[in-house]
Amino acid sequence: MTWRPTIAALAGLCLAVGAAPFATGAAATPSTAADTAHVSAHAALAGPPGAPPGVCPEGVGYGSPLPASSLSATRIQGGFSFLEGPVWVADGGYLLMSDMAAGTGPYNVQPSTIRRFTPPSTFDTFIPNAGSNGLALSADAQQLIAATHDQRSVSAYRLSDRSRSTVAANYQGRAFNSPNDVAVRSDGVVYFTDPNFQRGNRSDQMNGRTSVFRVSGGQVSLVDDRLRQPNGISLSPDGATLYVGAYSENKIYKYAVAPDGSTSARSVFVNYVGGPDGGTIDCAGNVYWTSGFDGQVHVYSPTGTQLGTIRAGNSGTTNVAFGGADRQTLYITSGQRNDSGLYSVRLNVPGYPY
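If you're wondering where the values come from, they're calculated on a predicted model, not measured in any experiment.

Chemist: Could you give me a rundown of the sheet that holds strand S23 (residues 306-311), with the residues and numbers involved?
Modeler: Strand order in the open sheet formed by five strands is S2-S23-S22-S21-S20, and the pairing between neighbours is mixed. Of all the strands in the sheet, the pair left with one neighbour each is strand S2 (70-72) and strand S20 (276-281). Pairwise comparison of adjacent strand axes, ignoring direction, gives a mean angle of 20° for this sheet. The sheet contact formed by S20 and strand S21 (residues 287-291) spans four bridges and is antiparallel. Each bridged residue has a counterpart across the sheet, and for Thr-280 the counterpart in S21 is Tyr-288.

Here's what the structure looks like:
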């Protein structure tokens, strides 16, 4: 993955839950199972909070997610620089995504614009100079949470006025490499990956390590610093499992997540071939992961059995998000630099909007 990221909570269905405001320049603490997590109205819910209320109703049975084991997505529009991190905003009925250009300036940092797609065919600029890669929504669905490589941070953009604030500025006083993708739990806990793809010529303050972090209650904690180029990151609907694609290992890992947001030791979910980039999950727990090499979305059951593939272009497939009124349209960003495109395909099971 030379340019990467991804994720979000469903706007409109995710109501305000009393989440604490994001703190600028969040401090850092070690990650432990007893780590004090962000507390909100979701703390009273049984089990770990995952999907926002209403996104994946309980007690619903689902069949096969794919109409066929091999599908081809339809290209909506191409000609973009390099699309990444799609997220569906239900209140407005539109999709947001990052469009990253080639690196510029003395530090070779990639400019990034957040584009908006309003079905069936309207594209416009939502936030210029956003510096973003992967995207998600805040727990109250009022802010866009972005992995922002321009400031080597995780940022929040308020949807109402596009104003920017900081979710995570550093870890123990050291600058991140280039935050790439994000996942947001329904109680406001944020998980993000930090490879070095967009670090450019800036100094390495992580001593060669590429990591996964958690932000809870304004505190930045380390999840794992032993992954080689962690890329896409997704959370299961019940909030009990965190998935991370390790791009340079061709593996997707999973971590058990405790109710307080802390994680256990990782295990291999699938030995993946083709450079795992961004991913998402449907309401049945099936996992959709993009390949930077073969241009496909690989679909797995919750146990890791491959269910099929979805093709979007020939290579450079970067990320996925469910959207549409019923959240059964899978949007896919894919393509080579300067001809990156947005694709879509209809599926049988609704899923996460990121």
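Chemist: Run through the side chain of Thr-210, naming residues and quoting values.
Modeler: Relative to the elements of secondary structure, Thr-210 occurs in strand S14 (residues 210-216). Thr-210 sits in the buried class, given a relative accessible area of 8%. In terms of polar contacts, Thr-210 uses its side chain to reach the backbone carbonyl oxygen of Leu-227, at 2.7 Å. Of the polar contacts made by the side chain of Thr-210, one reaches the backbone nitrogen of Gln-229; its length is 3.0 Å. Residues contacting Thr-210, with those up to four places away along its chain left out, are Asn-177, Asp-194, Pro-195, Asn-196, Asp-224, Asp-225, Arg-226, Leu-227, Arg-228, Gln-229 and Pro-230.

Chemist: Would you mind going over the sheet that holds strand S17 (residues 241-246) in detail, with residue names and values included?
Modeler: Spatially, the four strands line up as an open sheet ordered S16-S17-S18-S19, and their pairing is antiparallel. The two strands at the open ends of the sheet, each matched to only one other strand, are strand S16 (230-235) and strand S19 (263-271). Between one strand and the next, the sheet's axes are offset by a mean angle of 25°, whatever the strand orientation. For S16 and S17, the ladder comprises four bridges, and the chain directions are antiparallel. Note that in S17 the partner of Leu-235 across the bridge is Leu-242.

Chemist: Let's hear about the pattern of salt bridges: which residues, and what values?
Modeler: Using the criterion set out here, one finds ten salt bridges in the structure. Residue Asp-339 pairs with Arg-75 through a salt bridge whose shortest N-O separation is 2.9 Å. Of this pair, Asp-339 sits in the loop between strand S25 (329-334) and strand S26 (340-346) while Arg-75 sits in strand S3 (residues 74-80), and the two are 264 residues apart along the sequence. Relative accessible area serves as the criterion here: at 37%, Arg-75 is assigned to the partly exposed category. The residue Arg-199 makes a salt bridge to Asp-204 at a minimum N-O spacing of 3.6 Å. Judged by its relative accessible area of 33%, Asp-204 falls in the partly exposed class. Overlapping salt bridges, with partners in common, bring together Asp-224, Arg-226 and Arg-266 in one network.

Chemist: How would you summarise the pairing of strand S10 (residues 153-158) if you had to cite specific residues and measurements?
Modeler: The two faces of the sheet receive side chains in turn, since in a regular strand these alternate between them. Counting buried residues along S10, five of its six residues qualify, which places the element largely inside the surrounding structure. Hairpin connection between strand S9 (residues 143-148) and S10: a loop of four residues separates the two successive antiparallel strands, and Arg-152 in this loop has a positive phi of roughly 55°. In terms of strand pairing, S10 meets strand S11 (residues 164-168) through four bridges, oriented antiparallel. Residue pairing across strands places Ser-155 opposite Thr-166, the latter belonging to S11. A loop of five residues connects S10 with S11, the two strands running antiparallel in sequence, and Arg-162 in this loop sits at a positive phi of about 65°.

Chemist: Quick one: what's the story with the nonpolar core, residue by residue and with numbers?
Modeler: Core analysis: the biggest nonpolar cluster contains 33 residues, and Leu-96, Ile-114, Leu-144, Leu-159, Tyr-191 and Leu-242 have the highest contact counts within it. One finds Ile-145, Ala-156, Val-220 and Leu-222 within the second-largest nonpolar core, a separate group that totals 18 residues.

Chemist: Tell me what's going on with the confidence of the model for the protein, and back it up with residues and numbers.
Modeler: When pLDDT is averaged across the protein, the result is 86; 85% of the residues are at 70 or more. Across residues 1-48 the pLDDT falls below 50, and counting only partners more than four positions away or on other chains, this stretch makes 177 contacts in the model.

Chemist: So what's going on with unusual backbone geometry? Which residues, and what values?
Modeler: Backbone torsion omega between Pro-119 and Pro-120 reads 10°, so that peptide bond is classified as cis. Here Pro-120 lies in the loop between strand S6 (112-118) and strand S7 (122-127). The phi torsion at Asn-207 lies on the positive side, around 55°, for a residue other than glycine. Mapped onto the fold, Asn-207 is located in the loop between strand S13 (190-194) and S14. Its relative accessible area of 64% is what places Asn-207 among the exposed residues. Positive phi, normally seen in glycine, also occurs at Asn-338, with a value near 75°.

Conventions used here
Residues numbered from 1 in each chain as written. Predicted model: local features only at pLDDT ≥ 70, side-chain atom pairs only at ≥ 80, totals over all residues. Heavy atoms only, no water. Pairing = 2+ DSSP bridges. Helix = DSSP H or I, 4+ residues; strand = E, 2+ residues; numbered from the N terminus. Axes fitted to C-alpha atoms, helices over the stretch in contact; angles between N-to-C directions. Buried < 20%, exposed > 50% of the residue type's maximum accessible area, 1.4 Å probe, protein only. Polar contact = N/O pair within 3.5 Å; in protein donor to acceptor, adjacent residues only side chain to side chain. Contact = heavy atoms within 4.5 Å. Salt bridge = Lys/Arg side-chain N within 4 Å of Asp/Glu carboxyl O. Core = buried A, V, L, I, M, F, W, Y, C linked by side-chain atoms within 4.5 Å. pLDDT = per-residue confidence, 0-100.

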